[in-house]
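Chain by chain, the residues:
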Amino acid sequence: DTEVTQTPKHLVMGMTNKKSLKCEQHMGHRAMYWYKQKAKKPPELMFVYSYEKLSINESVPSRFSPECPNSSLLNLHLHALQPEDSALYLCASSQDREAEAFFGQGTRLTVV
Amino acid sequence: QKEVEQNSGPLSVPEGAIASLNCTYSDRGSQSFFWYRQYSGKSPELIMSIYSNGDKEDGRFTAQLNKASQYVSLLIRDSQPSDSATYLCAVRLSGGYNKLIFGAGTRLAVHP
């Protein structure tokens, strides 16, 4: 089973809203990732958690706040987003920091 | 110089032909390389991983790695219209954090 589950699939939020994206995996993977993908562009790395500790923050604005409550869950808290933050947000996980990563189906975020 | 470079295409091949997709990378210390397929509006799907120089075959797919030339390729034999998608080359960078970085992707169109 190589399933990474993301919720919600679609999200529309206003610029003053607070929302959270959720990601879950039960493969025992110890590395989890958030990527952002704009149309016709490749996925762009945002955050990496390794053994539940934040190991990479790619200079992402503070309006994006990641959280890893346990080894199976990864959240991305959103606050005061801008319309240009509208994108597909992808969660992925891998067994370790060398192995292949498996992606969830993504959350399509629209900021209005 | 971009860390991972791919020809954006589109690469157009007739059904039944061999599609050849290429990727170069800049980090000489990289050890892990992956090919993902992404259909429009969907998330990336892992199709091949390769870690050692040479060829690796899986069904109709063959990945080739040449670390000396910093070059990775993907061959798709007997191409089918269902193979039409964007193919993303991904590389784990060296340097301790093993960031997984994507090329811009090559759009493949297989026509009947």
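Residues numbered from 1 in each chain as written. Chains lettered and ligands numbered in written order. Predicted model: local features only at pLDDT ≥ 70, side-chain atom pairs only at ≥ 80, totals over all residues. Heavy atoms only, no water.

Caption draft 1: Region of the structure containing the interface of chain A and chain B. Taken together, the contact between chain A and chain B spans 23 residues of the former and 22 residues of the latter. A buried area of about 1,700 Å², summed over both sides, lies between chain A and chain B, and 52% of it is on carbon and sulfur atoms. Our count for the contact surface shared by chain A and chain B stands at one salt bridge. On the surface where chain A and chain B come into contact, there are 13 residue pairs in polar contact (both at pLDDT 80 or more). Counting residues per element, the ones that place at least two in the side of chain A that touches chain B are β4 (31-37), β6 (53-57), β9 (87-94) and β10 (101-103) of chain A. Residue composition of the side of chain A that touches chain B, grouped by class: twelve nonpolar, five polar and six charged. (Contact = heavy atoms within 4.5 Å. Buried area = accessible area lost by both parts, 1.4 Å probe. Salt bridge = Lys/Arg side-chain N within 4 Å of Asp/Glu carboxyl O. Polar contact = N/O pair within 3.5 Å; in protein donor to acceptor, adjacent residues only side chain to side chain. Helix = DSSP H or I, 4+ residues; strand = E, 2+ residues; numbered from the N terminus. Nonpolar A, V, L, I, M, F, W, Y, C, P; charged D, E, K, R; others polar.)

Caption draft 2: Structural detail: the environment of Tyr35(A). Residue position: Tyr35(A) is located in strand β4. In this structure, the C-alpha to C-alpha distance between Tyr35(A) and Gly106(A), residues 71 residues apart in sequence, is 9.4 Å. A distance of 2.6 Å separates the side chain of Tyr35(A) from the backbone oxygen of Leu100(B), its partner in a polar contact.

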